[in-house]
Amino acid sequence: MTTAHVTCPLCEATCGLTVALDGDRVTGVRGDAEDVFSRGYLCPKGASLGALHHDPDRLRAPLVKRDGEFAEVGWDEAFAEIDRRLRPILDDDRDAVAVYAGNPAAHNLAATLYGPVLYKAIGTRNVYTAGTVDQIPKHFSAGYLFGHGFSIPVPDLDRTEHLLVLGANPLVSNGSLMTAADVRGRLRAIRERGGKIVVVDPRRSRTARAADEHHAIRPGTDALLLFAMVHVLFAENLVAPGRLAGHVTGVDDVRELARPFTPEAVAPATGIDASEIRRMTRELAAAGRAAVYGRIGTTTQAFGTLASWLVDVLNVLTGNLDREGGAMFPLAAAGQPNSASGKRRPFTTGRWKTRVRELPEVFGEVPVATLADEIVTPGPGRVRALLTVCGNPCLSTPNAQRLAEALGQLDFMVSLDVYLNETTRHADVILPGPTPLERPHYDLALYQLAVRNVANWTPAALPSELPQEWQTLLRLTGIVTGQGPEADLEALDEFVAATIARRGGVDPALAGDRRGPERLVDLMLRGGPYDLTLADLEAAPHGVDLGPLRPRVPEILSTASGKIELAPEAITADVPRLAAELARVPDGLVLIGRRHLSSNNSWMHNLEPLVRGGNRCTVQVHPADADRLGLIDGGRALVRSRAGKIEVPVEVTEEVRPGVVSIPHGWGHDVPGTRTAVAAAHAGVNSNVLADEILLDALSGTAVLNGIPVEVGPAAP
Ligand SMILES: Nc1nc2c(c(=O)[nH]1)N[C@H]1C(S)=C(S)[C@@H](COP(=O)(O)OP(=O)(O)OC[C@H]3O[C@@H](n4cnc5c(=O)[nH]c(N)nc54)[C@H](O)[C@@H]3O)O[C@H]1N2
Ligand SMILES: Nc1nc2c(c(=O)[nH]1)N[C@H]1C(S)=C(S)[C@@H](COP(=O)(O)OP(=O)(O)OC[C@H]3O[C@@H](n4cnc5c(=O)[nH]c(N)nc54)[C@H](O)[C@@H]3O)O[C@H]1N2
Ligand code: SF4
Ligand SMILES: [Mo]
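Model, not experiment: these values are computed from the prediction.

## Digging into unusual backbone geometry
Phi is mostly negative for residues that are not glycine, and the peptide bonds are mostly trans.
At step 1: Between Val553 and Pro554 the backbone carries a cis peptide bond, its omega angle lying at 10°.
At step 2: One non-glycine residue, Asn174, adopts positive backbone phi at about 65°.
At step 3: Looking at where Asn174 falls in the secondary structure, it is placed in the loop between α6 (170-173) and α7 (183-192).
At step 4: The phi angle at Asp182 is positive, at roughly 60°, despite the residue not being glycine.
At step 5: Positionally, Asp182 belongs in the loop between α6 and α7.

See below:
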């Protein structure tokens, strides 16, 4: 019996886990009580790492499709097939090859480091990620406000006394754009020290139930509420940026922009009383240390960028940005933007536009909502090949049915994935990778959003029969750069290491014999702000605590002016569209999503321990709506939108507000040609058949996944 200490890579919380091993069998997974960040916390998903590792359906060899059937092949054969079929398309038009990188790519060290190398080598403008069904509005607003799309303030959970949460359910999601292992304990501690938690959410979520106060807002109207709060701050002389005053421009512009958004004006649309909005604002302003925090419910909606911007406008105007207990900028040990180069390249968006719908690029990518358009619309520049990396867009992106049909029109598709599932069944070649226990891990992306500065290195707990994904990604890089499947991977890796070393201002030779991600992380740590090396982290299996968040203004600011630019034109240009909402009388039902502690988007439903306990894929309907629509609890509903229709079991509950129905995403596993037996037996339905690819946040192109107009009625018997 041995034990291994690993950082869980399944969600953003980065819990430390202790894995008990008997040879190569996982016999148990516990929270690591000594982990400097998570202190023993774990959730059902982390506890299922062993089930994932041993899942018989998980792919253990490359698959190539021949005459419509997948066959297991050797790695050389798989790469030869890719070279043969992808090269002619690339030689003809680089943009004809699209990339879709999914959520686990951000939790996967190989994909984080070597994925972008490959995408750049392909040289396509058609880069799509799960970001445009997620957080791109926050990058957009952070980029313009602070100068870098990754300069995202996170609530200083451990010291705040007042937390205003909009559109997030961290007690279930375990936190997002807020890396906070054991968020449950951290939120409880806020209340134990006399602080207050206020939740704005159309659903009485688990977090709402645990809060002091819950406001059931109408979906998609957060920007109106937040603007009204800004209005009240100005109207009642509560604007107090404090230390930030000398570091902010645009405050007067914000005052003018907020003028029409009085509490009375926004009350009908938001469903929140004007007097409540005034009280919420006064309490926020009066709190010594407060943070406003918004997540999925505020980003994947019609005014995602405006809402994300206004969250930080409130933080700035109340003096809570960059203050202890407020919304602060983490300082990660590795990979922090700007840390060494110190160059100021003003943030910009729209450097290119998509071919069919002319949607602007943001943060180097374009909206996945238009991927199907790019495949099905003929003409020069049409997408003819697709590479997916850790993604399941057939379940996770809007008008999923149309996308699935579009994938059938591709000339070639490659997927890096651990399952043959709803998306990868469309691929011609599937390249599997090792499990989280078979690969090293360091949470490069998420430590940049952590509520406490920490660093934790995980060596591979078990050997893998499969190549590491960084090797697979480099081999693909060799292919797309014309060096063929036998390209010199050493030389390619040397090149990547030299680039990382230059960026960090360190000598690549310092990493000695290390290769692959080990070398890159070592170089990044050496170039980082704490003078750490990988050896330091290897000597600390429970992590290194680098202390609470510290103020970073003005050093963090990389805007053209060197200030926080509170009213950038690129954002305020969308305010008239929001103002038009004031006159709109809300009518009809709208659909929102929801998450469950035992789910992880679409892909962990093949693990028995996570799907036990009844069908979770139901449409939640308020009793008043159920009566009006003739729906009964346990019956079946037909839900339609412009994009499609699905049938789904009804759950009548007061958890959702009237006028709102909720269906979780990531289900619909009953399609033919997959190899996920457990998931197929717990299929559920695909809610993204209803999500409309036409409905986007205007600025960022992020899909509207919350607030989709729908009609609901009883399904035909
Ligand atoms: N309606 C609605 N839709 C949503 C959302 C919503 O709230 N409502 N949420 C959105 C959000 S926030 C996100 S992030 C997206 C997620 O969208 P996606 O990232 O497209 O979907 P996932 O379900 O995360 O699928 C991950 C895929 O990666 C594979 N995978 C897992 N681990 C590995 C690995 O180590 N290596 C490789 N190569 N593959 C791996 C899995 O088998 C699976 O196929 O969904 C979005 N869609
Ligand atoms: N257990 C579990 N954890 C996860 C995931 C998972 O699938 N399962 N997914 C991971 C991923 S990829 C992400 S991005 C994060 C997401 O992390 P969170 O954003 O915390 O996750 P959600 O549970 O989707 O919370 C969104 C909340 O917004 C509410 N909402 C919907 N529309 C609106 C609106 O218009 N306004 C407001 N104010 N609220 C609205 C919903 O009712 C819901 O409670 O979770 C991550 N963690
Ligand atoms: S909360 Fe997230 S990081 Fe922690 S055990 Fe669960 S899935 Fe893993
Ligand atoms: Mo996400």
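## Some points on the site of ligand 1
At step 1: Contacts to ligand 1 come from 29 residues, most closely from Tyr100, Asn103, Asp417, Glu469 and Ser602.
At step 2: A distance of 2.8 Å is found between an oxygen atom of ligand 1 and a side-chain nitrogen or oxygen belonging to Asn421.
At step 3: His665 has a polar side-chain atom sitting 3.4 Å from a nitrogen atom of ligand 1.
At step 4: Relative to its free-state accessible area of 920 Å², ligand 1 is covered by the protein chains to the extent of 97%.
At step 5: Of the residues assigned to the shell around ligand 1, the class counts are 12 nonpolar, 12 polar and 5 charged.
At step 6: Residues from two domains meet in the shell around ligand 1; each of domain 2 (65-124 + 367-441 + 455-540) and domain 4 (588-714) gives at least three.

## Focus: the packing of aromatic side chains
At step 1: Scanning the model with the defined rule gives 10 aromatic pairs in all.
At step 2: Arranged with centres 5.0 Å apart and planes meeting at 90°, the rings of Tyr144 and Phe347 form a pair that is edge-to-face. A residue pair is termed long-range when its members are at least 10 positions apart, and Tyr144 in helix α5 (residues 136-146) and Phe347 in the loop between β14 (327-328) and α15 (371-376) qualify at 203 residues. For the pair Tyr144 and Phe347, a shared accessibility class is recorded, and that class is buried.
At step 3: In this structure an aromatic cluster arises from ring pairing among Phe140, Tyr144, Phe150, Phe347 and Phe363.

## Overview of the site of ligand 3
At step 1: The local shell around ligand 3 consists of Cys8, Leu10, Cys11, Ala13, Thr14, Cys15, Tyr41, Leu42, Cys43, Lys45, Gly46 and Asn174.
At step 2: When the residues that make up the shell around ligand 3 are grouped by side-chain class, the tally is 8 nonpolar, 3 polar and 1 charged.

## Notes on the domain arrangement of the protein chain
Many structure descriptions define interface size as the accessible area lost when the parts assemble.
At step 1: Its domain assignment divides the protein chain into domain 1 (1-54), domain 2 (65-124 + 367-441 + 455-540), domain 3 (136-331 + 553-578) and domain 4 (588-714).
At step 2: One C-alpha centre belongs to domain 1, the other to domain 2, and the line joining them spans 25 Å.
At step 3: Of the roughly 1300 Å² buried where domain 1 meets domain 2, counting both sides, 69% is carbon and sulfur surface.
At step 4: Of all residues in domain 1, Thr7, Pro9 and His53 give up the largest surface area on contact with domain 2, accounting jointly for 42% of the area buried on that side.
At step 5: Summed over the shared surface of domain 1 and domain 2, the result is 0 salt bridges.
At step 6: In this structure, the connection of domain 1 to domain 2 is made through 5 residue pairs in polar contact (both at pLDDT 80 or more).
At step 7: Sorting the residues of the side of domain 1 that touches domain 2 by element identifies β1 (2-7), β2 (16-22) and α2 (49-54) as the ones contributing at least two each.
At step 8: Looking at which element gives the most residues to the side of domain 1 that touches domain 2, the answer is β1, with 4 residues.
At step 9: Classifying every residue of the side of domain 1 that touches domain 2 by side-chain character gives 10 nonpolar, 4 polar and 3 charged.

## With respect to helix α12 (residues 274-286)
At step 1: With 13 residues, α12 ought to run about 18 Å at 1.5 Å a step, and its terminal C-alpha atoms sit 18 Å apart, in line with that.
At step 2: Taken together, the buried positions of α12 are Ala274, Ile277, Met280, Thr281 and Leu284. All buried residues of α12 fall inside an arc of 125° around its axis, so they share one side. Facing away from the buried side of α12, by more than 90 degrees, are the exposed residues Ser275 and Ala286.

## So, the side chain of Asn686
At step 1: Structurally, Asn686 is set in the loop between α26 (677-681) and β26 (708-714).
At step 2: Owing to a relative accessible area of 11%, Asn686 belongs among the buried residues under this scheme.
At step 3: The residues touching Asn686, leaving out its near neighbours within four places in the chain, are Cys394, Leu395, Ala400, Ile646, Trp667 and Gly668.

## Here we look at the pattern of salt bridges
At step 1: The tally for this structure, following the rule as stated, stands at 49 salt bridges.
At step 2: A salt bridge links Glu236 to Arg278, with the shortest nitrogen-to-oxygen separation between them at 3.9 Å. Taken together, the residues Glu236 in the loop between α9 (222-235) and β12 (248-249) and Arg278 in helix α12 connect sequence positions 42 residues apart.
At step 3: With a relative accessible area of 22%, Arg278 lands in the partly exposed category.

## Quick word on the sheet that holds strand β23 (residues 636-640)
At step 1: Strand order in the closed barrel made by the 6 strands is β21-β25-β22-β24-β23-β26, with mixed pairing throughout. Between one strand and the next, the sheet's axes are offset by a mean angle of 45°, whatever the strand orientation.
At step 2: With 3 bridges connecting them, strand β22 (residues 619-621) and strand β24 (residues 645-652) associate as parallel partners. By the bridge assignment, Gln620 is partnered in β24 with Glu651.

## Looking at the packing of α5 against helix α14 (residues 304-317)
At step 1: Across the interface, α5 lies against α14 with an axial gap of 8 Å and an inter-helix angle of 50°. By the angle between their directions, the pair α5 and α14 is classed as oblique. Seen from above, α5 lies across α14 with right-handed handedness. When α5 is examined against α14, the residues Pro137, Lys138, Phe140, Ser141, Leu145 and Phe146 are found in contact with a partner set consisting of Gly304, Thr305, Ser308, Trp309, Val311 and Asp312.
At step 2: Classifying every residue of the contact of α5 with α14 by side-chain character gives 6 nonpolar, 4 polar and 2 charged.

Rules behind the numbers
- Residues numbered from 1 in each chain as written.
- Chains lettered and ligands numbered in written order.
- Predicted model: local features only at pLDDT ≥ 70, side-chain atom pairs only at ≥ 80, totals over all residues.
- Heavy atoms only, no water.
- Helix = DSSP H or I, 4+ residues; strand = E, 2+ residues; numbered from the N terminus.
- Near = heavy atom within 4 Å.
- Polar contact = N/O pair within 3.5 Å; in protein donor to acceptor, adjacent residues only side chain to side chain.
- Areas by Shrake-Rupley, 256 points an atom, 1.4 Å probe, with all protein chains shown as cover.
- Nonpolar A, V, L, I, M, F, W, Y, C, P; charged D, E, K, R; others polar.
- Domains from an automatic or database assignment.
- Phe/Tyr/Trp six-rings, centres within 6.5 Å; stacked < 30°, edge-to-face > 60°.
- Buried < 20%, exposed > 50% of the residue type's maximum accessible area, 1.4 Å probe, protein only.
- Buried area = accessible area lost by both parts, 1.4 Å probe.
- Salt bridge = Lys/Arg side-chain N within 4 Å of Asp/Glu carboxyl O.
- Expected span 1.5 Å × (residues − 1).
- Arc of directions from axis to C-beta.
- Contact = heavy atoms within 4.5 Å.
- Pairing = 2+ DSSP bridges.
- Axes fitted to C-alpha atoms, helices over the stretch in contact; angles between N-to-C directions.
- Parallel < 35°, antiparallel > 145°, perpendicular 65-115°, else oblique.
- Left-handed = near helix turned anticlockwise from the far one by under 90°.

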